[in-house]
Amino acid sequence: MNAAVPDPLAGYRIEAEPFYRPAGNEVALYEQAYRHRMPLILKGPTGCGKTRFVEHMAWSLGRPLVTLACNEDMTASDLVGRYLLDANGTAWHDGPLTLAVRHGGICYLDEVVEARQDTTVVIHPLTDARRILPLDKKGELVHAHPDFQLVVSYNPGYQSSAKDMKPSTRQRFAALEFDYPHSGLEAEIVAHEAAVGLDLAAKLVAIARCSRELKHRGLDEGVSTRMLIYAGVLIRDGVSPRDSCEMTMTRALTDDPDMARALQGFVEAQFG
Amino acid sequence: MKDSFAALALFARGLAGVDIEVQPLEDHAGRRAVLAGKRLLLPASADRRWHRAMVAHAVAHLRHSRPSRPARTLKPIGIAIVSAIEDARVERLLCRDFPGVHSWFAGSLAPAPDPLDLGFAALVSRMDRVLMLPAWQDDNHWVNKARRLFDETVASAGLEDCDAFRTIASILANDLGQMRVRFDPQHYAVPAPYRDDNSYLWDFGEAETPPDEAIALQQPGARPPAPTDADAANQGDGPLPEGAAELELGRYSYPEWDRKLERLRPDWCTVIEKLPAWQGLWPVREQQAAASNTPERLAPLALPRARQLDRTHRLRRQWEGDDVDLNAAIEVLVDRRLRLRPDPRLFMRPGRASRPSSVLVLLDLSESANDPVHGGARSLLDVEKQAALLLAGSNARGADRFAIHGFSSNTRAEVYYYRLLEFGRPLEAPSRAVIGAVRGRYSTRIGAALRHAASHMRTEPSGQRAILLVTDGAPSDIDVHDPEYLIEDARMAVAEAREAGVRTACIAVDSAADAYVRRIFGWRNYCVADDARSLPARLARMSARLAAAN
């Protein structure tokens, strides 16, 4: 890149390698998809490592990563940009999606189903052979940079059918399915991220396994890997295992007194 | 302190990875847990510590024991020893996966017996102790032999190899025979009080009677009078005009969930939609009289409205927004040239409009609703009707679509469904009369009624669609003897409705409703009105919550 021109995506570049432990061949599959700039859906439960995975891939591919957490109030202009007023009149400001499209970043729309369906249709012309982004307010047609890729994440577990992706949106993506890693690997990840011993991590993972058995029996989702890392961090700092699990798992996960009792039971079954 | 049985069932499910039914066992039936298949019965009076140990022990069996092995070739003493060794083996396996449970087991063992007692139960109890507590010392040769053999087998074959443990159990049982220790199978109970009776492990070859699942359709008297029969109307005591009959509007078939088969039985229930018998306008006058007599005058309900983005409605001169409001922007530029302070509110964004919401109040019109409320003259049904009418009245002022339907059932072949107030109809005297005329009869088959109500919701504008069920008891019907069956069916019906975009909530006028209502409708989607008098307020709050939710 020409050194005279400042990189508009400099802030989105990932300098240090994000820790990611592959559970299968997802890294190779992602690299293949990226070679063809294929749009991707990452599916999986909360806190299983989808965001970390895409950060890791952006780092290893040397691409800037523009992340957007979607929500119901998000409008198309939050993605593509809008006119703002400055000293000389109105001036167009690119939205995060347009930035990534113009300058060749990976745009990651986290929890894409949270955005309203009429907002997500702006990605349609980007995610087929055209690879264009029309900025209708500005009257410009942005052709995607050859390095641009769109990745969205989505959690099929807890959304009601009222909030689902339109089939026309879905069909534009290839999908990678994520789940919590198997016990041994998950314990390694928790041990690494929380900097705790492997045996403590294994106990935490065993609690999480029990809680995941209660999915659809009162829990939308079980204890996630991220929660285990939180618990591990608190235990490392000297908080008692019971208190840290109570704080990071039981109380965080449920308001139902019976469910809380059951979760406390799992903690006690590990830590006495 | 105690955990509820629902909490224990969740706990057991989490540890075992399979669904376990946890149910209370009446005290006169003994103080010991019983594990039968995937059903665990726990003595109701035991406290939390015991319950946890009992559940953990049962989970150990479910995870690691081979159930129902033939017992034919074994003598009773052999069965007792094999069971005791198996208990120790599966508990050790469980402690390996869940280190915390060791203290629950160790703290719940039988008290150490008198060292001079060399009876069978005392020896087994001592063996339990040495196998559970590595530091425990015992001076009995047989007990120490048991510990040595057990440890050797763990080292040589591993804990998973249950046949190896069965071999050492035979050796130990044989030793006891040679020591002439008397075994009295009639009076022997497993010494550790938290352990079940081990009937789970054995198949004694008795012919088991299959559970009776027959639907009692053939029973004489189980059938109601034909729907057009004037008998139906005679059950009431109001003045009836000649020829008053319920008009049948249509018949619909719905599936029903069979929890044992774990599948839907297709076309299992017949919902018969009817109009209640027309009885003139007298019930309206009676209602008005009753309402004016009630001491608790009910204030009209003010309901909040659900709102959503509406692009046809644009808010101008906003601090933030998608678009620049051109008129405001021009004023800003003019102000700048004039060196005035411009108004920074120059954006436009879409406004919010209330979204259409359709609420269907489904009244349980079963026989039990005729019970008087707290000794008063009014029946629960009257209170239900009054609350629903009040809610309808407060909705009538707004744009919400509102309907009142009711149901009762008499076997799966006849689930009666009354459309008392249709969506979009004004609440006028005829509707009030129809609502007043409907009576409580028969039973409560919630699942079929919910499915039919959900099918009505399908034609409503999408937005907020909700069914609010008002009931006074658990689902039941005379052709169903398994109390869980209709609860599970109703739970499935709620799940189906949710998938179709219809929220379901319930108000139960039954202080014991907690157990089943939450199972059916889910956490947050129900409330229990202990007192029927609080029903109108709760109904209003629940419908407001449904309308406001996403």
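Going by the structure above, here's the rest.
About the cut-offs
- Residues numbered from 1 in each chain as written.
- Chains lettered and ligands numbered in written order.
- Predicted model: local features only at pLDDT ≥ 70, side-chain atom pairs only at ≥ 80, totals over all residues.
- Heavy atoms only, no water.
- Contact = heavy atoms within 4.5 Å.
- Buried area = accessible area lost by both parts, 1.4 Å probe.
- Salt bridge = Lys/Arg side-chain N within 4 Å of Asp/Glu carboxyl O.
- Polar contact = N/O pair within 3.5 Å; in protein donor to acceptor, adjacent residues only side chain to side chain.
- Helix = DSSP H or I, 4+ residues; strand = E, 2+ residues; numbered from the N terminus.
- Nonpolar A, V, L, I, M, F, W, Y, C, P; charged D, E, K, R; others polar.
- Expected span 1.5 Å × (residues − 1).
- Buried < 20%, exposed > 50% of the residue type's maximum accessible area, 1.4 Å probe, protein only.
- Disulfide = S-S within 2.5 Å.
- Axes fitted to C-alpha atoms, helices over the stretch in contact; angles between N-to-C directions.
- Parallel < 35°, antiparallel > 145°, perpendicular 65-115°, else oblique.
- Left-handed = near helix turned anticlockwise from the far one by under 90°.
- Phe/Tyr/Trp six-rings, centres within 6.5 Å; stacked < 30°, edge-to-face > 60°.
- Lys NZ or Arg CZ within 6 Å of the ring centre and 35° of its normal.
- Pairing = 2+ DSSP bridges.

J.: Provide a residue-level description of the interface of chain A and chain B, including the pertinent values.
T.: In this assembly, 37 residues from chain A lie in contact with 42 residues from chain B. The largest share of the area that chain A buries against chain B comes from Leu85, Asp258 and Arg261 of chain A, three residues that together contribute 20% of it. The tally of links between chain A and chain B comes to 5 salt bridges. One salt bridge connects arginine 518 of chain B with aspartate 258 of chain A, and the closest N-O pair in it is separated by 3.0 Å. Here chain A and chain B share 10 residue pairs in polar contact (both at pLDDT 80 or more) between them. Of all elements in the fold, only β3 (81-86), β4 (89-94), α8 (198-212) and α11 (257-271) of chain A reach the threshold of two or more residues within the side of chain A that touches chain B. The dominant element in the side of chain A that touches chain B, judged by the number of residues it contributes, is α11 of chain A, at 12 residues. Counted by class, the side of chain A that touches chain B contains 13 nonpolar, 9 polar and 15 charged residues.

J.: Outline helix α13 (residues 446-457) of chain B, supporting the account with residue identities and numerical values.
T.: Between the first and last C-alpha of α13 of chain B there are 16 Å, a value that for 12 residues agrees with the 16 Å anticipated at 1.5 Å per step. Most of α13 of chain B is tucked away, with 12 of its 12 residues classed as buried.

J.: Give me the lowdown on the pattern of salt bridges, citing residues and values where you can.
T.: Within this structure, the stated rule accounts for 53 salt bridges over all chains. For arginine 172 of chain A, the salt bridge identified is with aspartate 128 of chain A, shortest N-O distance 3.0 Å. Placement of arginine 172 of chain A in the loop between α6 (167-170) and β9 (174-177) and of aspartate 128 of chain A in the loop between α5 (117-120) and β6 (132-135) is noted, with a sequence separation of 44 residues between them. Connected through salt bridges with shared partners, the residues Glu21, Arg39, Arg259, Lys260 and Asp482 of chain B form a single ionic network.

J.: Pulling in residues and values, what's your account of the state of the cysteines?
T.: Residues and elements named next belong to chain A. One pass over the full model with this rule turns up 0 disulfides over all chains. In this structure cysteine 70 is a free cysteine whose sulfur lies 8.5 Å from that of cysteine 107, the closest cysteine sulfur available. Cysteine 70 gets classed as buried once you look at its relative accessible area, which sits at 8%.

J.: Now, about the packing of helix α5 (residues 120-132) of chain B against helix α6 (residues 141-157) of chain B: what can you tell me, with residues and values included?
T.: All names here are of chain B. Taken N-terminus to C-terminus, the directions of α5 and α6 make an angle of 40°; their axes are 9 Å apart at the nearest point. Of the possible angle classes, the one that applies to α5 and α6 is oblique. In the crossing of α5 with α6, the sense of the turn from one axis to the other is right-handed. Of the residues in α6, those in contact with Leu123, Arg126, Met127, Val130 and Leu131 of α5 are Trp142, Val143, Ala146, Arg147 and Phe150. When grouped by side-chain class, the residues that make up the contact of α5 with α6 number 8 nonpolar, no polar and 2 charged.

J.: Kindly report on the packing of helix α2 (residues 48-64) of chain B against helix α4 (residues 101-108) of chain B, identifying the contributing residues and their values.
T.: Residues and elements named next belong to chain B. At their nearest, the axes of α2 and α4 sit 9 Å apart, and the two run at 115° to each other. The orientation of α2 with respect to α4, classified from their angle, is roughly perpendicular. When the axes of α2 and α4 are compared, the crossing they make is left-handed. Contact with α2, carried on its side by Arg49, Trp50, Arg52, Ala53, Ala56 and His57, involves Val101, Trp104, Phe105, Gly107 and Ser108 of α4 and no other residues of that element. Classifying every residue of the contact of α2 with α4 by side-chain character gives 6 nonpolar, 3 polar and 2 charged.

J.: Break down the packing of aromatic side chains for me, with residues and values.
T.: Applying the stated criterion to the full structure yields 12 aromatic pairs over all chains. For the pair phenylalanine 53 of chain A and phenylalanine 178 of chain A, a centre-to-centre distance of 5.0 Å together with 55° between the ring planes defines the contact as tilted. Here the residue phenylalanine 53 of chain A occupies a position in helix α2 (residues 50-61), and phenylalanine 178 of chain A occupies one in the loop between β9 and α7 (183-194), the gap between them amounting to 125 residues. You'll find phenylalanine 53 of chain A and phenylalanine 178 of chain A in the same group, each marked buried. Ring-pair connections join several aromatic residues into one group, and the members of that group are Tyr20, Tyr30, Phe53 and Phe178 of chain A. Geometry around tyrosine 180 of chain A places arginine 212 of chain A over its ring, the cationic atom sitting 3.7 Å from the centre. We note arginine 441 of chain B situated over the ring of tyrosine 416 of chain B; from NZ or CZ to the ring centre the distance is 5.9 Å.

J.: Got a sec to walk through the side chain of arginine 195 of chain B? Specific residues and values, please.
T.: All names here are of chain B. Within the secondary structure, arginine 195 is located in the loop between α7 (162-178) and β5 (202-203). With a relative accessible area of 1%, arginine 195 lands in the buried category. Polar side-chain contacts of arginine 195 include one of 2.9 Å to the side chain of glutamate 91. Within polar-contact distance, the side chain of arginine 195 engages the side chain of aspartate 128 at 3.2 Å. Beyond its immediate sequence surroundings of up to four residues, arginine 195 is in contact with Arg32, His57, Ala84, Asp87, Ala88, Glu91, Asp128, Met132 and Val190.

J.: With reference to specific residues and values, describe unusual backbone geometry.
T.: Residues and elements named next belong to chain B. Residue glutamate 262 is not a glycine yet carries a positive backbone phi of 55°. Along the polypeptide, glutamate 262 turns up in the loop between β6 (247-258) and β7 (263-275). Owing to a relative accessible area of 59%, glutamate 262 belongs among the exposed residues under this scheme. One non-glycine residue, aspartate 267, adopts positive backbone phi at about 45°. Position of aspartate 267 relative to the elements: it lies in strand β7. Classification of aspartate 267 by relative accessible area gives exposed; the value is 55%.

J.: Just give me the short version of the sheet that holds strand β1 (residues 40-43) of chain A, but keep the residues and values in it.
T.: Residue and element names in this part refer to chain A. In spatial order, the strands read β2-β5-β8-β1-β9; together these 5 strands make up an open sheet with parallel pairing. A single partner strand is all that each edge strand has here, and the edge strands are β2 (65-69) and β9. Adjacent strand axes in the sheet meet at a mean angle of 20°, parallel and antiparallel pairs treated alike. As paired strands, β2 and strand β5 (residues 106-110) are joined by 5 bridges and run parallel to one another.

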